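An overview of the molecular structure
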Amino acid sequence: MTRHISRLAMGLLLAVSAASVARAEDTKSDAGAKTEAAAAPDTVKAESSSSTSTSSSTTSSTPKSKYPSYADTLKDFKAIDGLIKLHQKENKVYAEISSSDLNRDFIVLTSIARGIGEGPLLGGMTWGFGDDVLWQFRKVEDHIQIVRRNVRFRAAKGSPEEKAVKLAYTDSVLFALPIVTVGSGGSSVVDLGQVFMSDLPQIGQVLPGFSFSPSKSTWSSVKGFHDNVELEVAATYSSSGANEIETVPDSRGVSIYVHYSISLLPDNGYTPRLADDRVGYFLTAVKDFSLKNDQDRFVRYINRWDLQKADASADVSPPKKPIIFWLEKTVPYQYRAAIRDGIQEWNKAFEKAGFSNAIEVRQQPDNADWDPEDVNYNTFRWITAGAGFAMGPSRVNPTNGQILDADIIFDADFVQFWKREYETFTTESIAALTGGPLDVLSYEAQLKKVLPGRRHEHLCQCELHSGMARELALGATALAATSTAAASTKEQQKMLLQGLKEVTMHELGHTLGLRHNFKASTYLTLAELNDTDKTKDTGLVASVMDYAPTNIMPKGSKQGDYYSTTIGPYDYWAIEYGYKPFSSDEAGGLKKIASRSGEPALVYATDEDTRGIDPDPLSNRFDLGRDPIEYANARTKLVGQLWPGVVEKVTAEGEGYQRARQAFGILLGNYGQSVFMAARYIGGLDTSRSHKGDKDAKPPVTVVSAAKQRAALSLIEETILTDKPFEFPPELYNHLASTRWSHWGVITPTRSDYAVHDVINMWQSRVLEQLLSPTTLDRLHDSELKVERDEDALTTAELISRLTKSIFAETENGKLAKGKYTNREPAISSIRRNLQRTYLKRLANIALGAAGAPEDCQTVAYLELEDLHDRLEDVLKQRNDLDTYTKAHLRESADRIEKVLDARLTFTRP
């Protein structure tokens, strides 16, 4: 009986529980229906009908979908078949995500298809910073999530470390898209408007004051292909109109066409290749927690194309799939041959690495309807953004470094010789010409202004374009000043085409994975690089990945090619490292190739070695030849020859004199820049990337010899810390007319006359800034311990003493040269007075500890100021016949020094 009652109770209990569960499920179902209705208001009626039908037909065995009908939902939509099936109706685009699309890696490449001619928003620009983007579609209940994959960390599959990595790092969920309807095969249809009708590329970061406007934005193009999907959005950014953009009709609505190319990440058996810091490639870096504790956990792959031999047994074979570049139909006819030659020049290096015809060049037909931004096409594009630039970006598999797509972009402004920005120098423009900040604190302050995600791109961006335009202008000036009009025109065309080919080779090198090599220009002496019998095989520099200036030699010197017409020995070596196939022991073969780094033709230094704060005087942009001092001597001599006749030679009859001012600016800029490069010898260190055991390898750091540093100082004293080179006839200055137009696209100069004193002093000040920056003084002071005690060394004490002696040479021994001085012919010229004031300010800051220099330098500066004060007082006592300018200058200088000395004593008193 007891057992029977228990069974009955259990039955009742189960019945009650079942009823409760049923009520709960009904409640949950109602709540789900309300949620779905809220998420998709247009489908509420359809869902209600479906629910009614289900209620009235309780005997039906076919479950009804909680989503609206697939056919009804997509009625009037145009189906677009492709890698991902799309459906479009007016300004609405749906994506149909099949079950096979879920949890797979898609690479998403973003480009600016049509820009606004401002900043980075230029048509043809690759958009994106850091790793290229991988997306996955993941289904979570009633939503499809779009997730950006975290590809930077990994561990061996199945290992404890893999579990630890999963706990430590996550992916980024970017969007959760409600499922609109489902297909018969279980596919999920979602609205892409939430994704692409937004500031997905974060363009708002470079358009302060603007925000994405969904109501003003439209789909420009929606295309589907077997291997990819191409989407383009006419994205409009709105503002109050307060921030005017000259290239936009009305800044209240700025339209930028953003192109997205989506394709599956290749799974083609590509074998990544490990990087070596002796050979300059762009990198894909992954942190591997499976590596041993005594190993560097970063695994670094070079970025390169997947080239495989069609005949693996042949020494030289065509590739299974060549690298094909299409010349876009926008490229002017007259430049196509030079550009084609520049691209194909790299086949020489691939031939040596085992591939024949690795790169092909094809012409885009005028009637072609494919998008240059399409991942399936590598293009050479010609745009008219007025930015005067060239660039060669590529898109890379962020897990292994395989290059998937590349586009080279040339701006038409690149070939324009004469530009208004050459008319006026500013402190900022001179700093940009000479490497930026020259001390660590200033460099760090500048870097903080750059968005964290863009700092690497900021450091490594290619700036060859702007410098090449300036160098072409120098060449045009020199040819105009030394040739007849007909000869000048012919040589200018030759120079332009050579320069165009070199820049093409440079940018193509970037698309092959190569970084800059700013030491390549030191391969040959000036005499050797002007021997065309030699340079036809080697080029003027060891690598076209350097920034080479126009090779223009002074009158009386042998003149070779203006630019390299072929790739250099470093380029062959780098391609061999990156692309040579190995049948076995690849690691050993790569080490053997890289171990040649000690050879003079293979030295390598790149962007992070060539900042203003870096020590190697041989790593420069736009230098030429083995010795920067020799180059500076040649350049200053050339400029000295060109200055006297520049107005007459570059100004045609009937034209204004604006070109004379632009040419003068080009000459002065080259003059100052070449001397500045020589100034980098002071406190300089010759650096090497060679590893232990490399043949002919130098030590990682070698202090530049004292003799070389003193030679550089002598050059500086003779060329920039003096007034002699700038003693031009007054009529020259009076013919330097500024552009007089006043309208959009031009900036009306603050001063229409030429600010002679300011410009010369800016260059003198910049050189002094290099010589006396705290980083230079620190490095020079440290170098005293880096050479043997019985070896000669330039000391900070000697540097400061010598600068004082040179800059205040008129007061040496407390005397001024005899003579009758007037305000028109002063004892110390106005240019020299400006220089002396600039130097005194810097010396005073060092003495007061305000410059961040070593304390030994502070005490030396104090002593130097004491001695100088006495000399100035002696001159003032001995000479009562001085001109007003000189007397006032010496009196003020002596008084300033006295105040600095008193202030330091007060500051340092216990």
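Report follows, based on the coordinates. (Residues numbered from 1 in each chain as written. Predicted model: local features only at pLDDT ≥ 70, side-chain atom pairs only at ≥ 80, totals over all residues. Heavy atoms only, no water.)

1. Let's talk about the overall build of the protein
Looking only at helices and strands, the protein has 27 helices and 24 strands in total. By residue count, 51% of the 910 residues in the protein fall in the buried class. Of all intrachain contacts in the protein linking residues separated by at least 6 positions in sequence, the fraction that spans at least 24 positions is 73%. Summed over all atoms, the accessible surface of the protein reaches about 42800 Å², with 51% contributed by carbon and sulfur. (Helix = DSSP H or I, 4+ residues; strand = E, 2+ residues; numbered from the N terminus. Buried < 20%, exposed > 50% of the residue type's maximum accessible area, 1.4 Å probe, protein only. Contact = heavy atoms within 4.5 Å. Areas by Shrake-Rupley, 256 points an atom, 1.4 Å probe, with all protein chains shown as cover.)

2. Considerations on a negative patch on the surface
Together, D778, D782, E784, E855 and D856 make up a region of like negative charge exposed at the surface. Breaking the negative patch down by element, the ones donating at least two residues are α23 (774-783) and α26 (855-878). Inspection of the secondary structure assignment puts E855 in helix α26. (Patch = residues over 30% accessible without salt bridge, like charges linked within 9 Å, V, L, I, M, F, W, Y side chains within 5 Å. Salt bridge = Lys/Arg side-chain N within 4 Å of Asp/Glu carboxyl O. Lys, Arg positive; Asp, Glu negative; His and termini not counted. Charge placed at Lys NZ, Arg CZ, Asp CG, Glu CD.)

3. Looking at the packing of helix α15 (residues 569-579) against helix α16 (residues 586-594)
As a packed pair, α15 and α16 sit with axes 10 Å apart at the nearest point and diverge in direction by 170°. With respect to α16, the element α15 is oriented roughly antiparallel. Between α15, through W573, E576 and Y577, and α16, the contact on the second element is made entirely by L590, I593 and A594. Partitioned by chemical class, the residues of the contact of α15 with α16 number 5 nonpolar, no polar and 1 charged. (Axes fitted to C-alpha atoms, helices over the stretch in contact; angles between N-to-C directions. Parallel < 35°, antiparallel > 145°, perpendicular 65-115°, else oblique. Nonpolar A, V, L, I, M, F, W, Y, C, P; charged D, E, K, R; others polar.)

4. Focus: the packing of helix α25 (residues 830-847) against α26
At a minimum axis separation of 7 Å, α25 and α26 run at an interaxial angle of 130°. On the basis of the axis angle, α25 is oblique to α26. The element α25 and its partner α26 pack so that their crossing is left-handed. In this structure, α25 uses L840, L843, A844, I846 and A847 to contact α26, whose residues at the interface are C857, Q858, A861, Y862, E864, L865 and L868. A class-by-class count of the residues in the contact of α25 with α26 yields 10 nonpolar, 1 polar and 1 charged. (Left-handed = near helix turned anticlockwise from the far one by under 90°.)

5. What to know about the pairing of strand β9 (residues 172-182)
Where strand β7 (residues 143-148) meets β9, 6 bridges bridge the pair, whose relative direction is antiparallel. Across the sheet, residue H143 finds its bridge partner in β9, namely P178. Summarising the sheet, β9 and strand β10 (residues 188-191) pair through 3 bridges and their orientation is antiparallel. The residue of β10 that forms the bridge with T181 is V189. (Pairing = 2+ DSSP bridges.)

6. Notes on the packing of aromatic side chains
The full count for this structure, using the stated rule, is 29 aromatic pairs. Ring centres of F425 and W763 lie 6.0 Å apart, and the angle between their planes is 75°; this geometry places the pair in the edge-to-face category. With F425 in the loop between β22 (403-411) and α8 (427-433) and W763 in helix α22 (residues 756-772), this residue pair connects regions lying 338 residues apart in the sequence. W763 carries the same exposure label as F425, and that label is buried. On the basis of an interplanar angle of 80° and a centroid distance of 5.6 Å, the ring pair of F664 and F728 is categorised as edge-to-face. In this pair, F664 sits in helix α19 (residues 658-679) while F728 sits in the loop between α20 (706-719) and α21 (730-733), placing the two residues 64 residues apart along the sequence. Comparing F664 with F728, the two get one shared label, buried. One aromatic cluster is present, formed by W643, F664, Y671, F726, F728, Y733 and Y754 through successive ring pairs. Over the ring of F622 we find R470, and its NZ or CZ is 5.6 Å from the ring centre. (Phe/Tyr/Trp six-rings, centres within 6.5 Å; stacked < 30°, edge-to-face > 60°. Lys NZ or Arg CZ within 6 Å of the ring centre and 35° of its normal.)

7. Describing the side chain of T284
With respect to the element layout, T284 can be found in strand β15 (residues 283-288). A polar contact is formed between the side chain of T284 and the side chain of N303, at a distance of 2.8 Å. Once residues within four sequence positions are removed from consideration, T284 is found in contact with V299, R300, Y301, N303, V396, N397, P398, T399, N400 and G401. (Polar contact = N/O pair within 3.5 Å; in protein donor to acceptor, adjacent residues only side chain to side chain.)

8. Some thoughts on the environment of R154
Secondary-structure assignment places R154 in strand β8 (residues 153-154). Distance from R154 to V286, taken between C-alpha atoms, is 7.3 Å for residues 132 residues apart in sequence. When near neighbours in sequence (up to four residues on either side) are disregarded, R154 contacts V165, V286, K287, D288, F289, V299 and Y301. Only 3.3 Å separates the side chain of R154 from the side chain of D288, close enough to count as a polar contact. At 3.0 Å, the side chain of R154 and the side chain of Y301 are in polar contact.

9. Observations concerning the pairing of strand β12 (residues 218-224)
Pairing of β12 with strand β13 (residues 228-238) involves 6 bridges; the strand directions are antiparallel. Bridge pairing in β13 places S221 opposite E232.

10. What to know about the environment of P549
Within the element layout of this structure, P549 appears in the loop between α14 (532-538) and α15. The spacing of P549 and N670 is 121 residues in sequence and 9.8 Å in space, taken between C-alpha atoms. Among residues more than four places away in sequence, those in contact with P549 are E471, Y562, Y563, F622, D623, L624, Y631 and R635.

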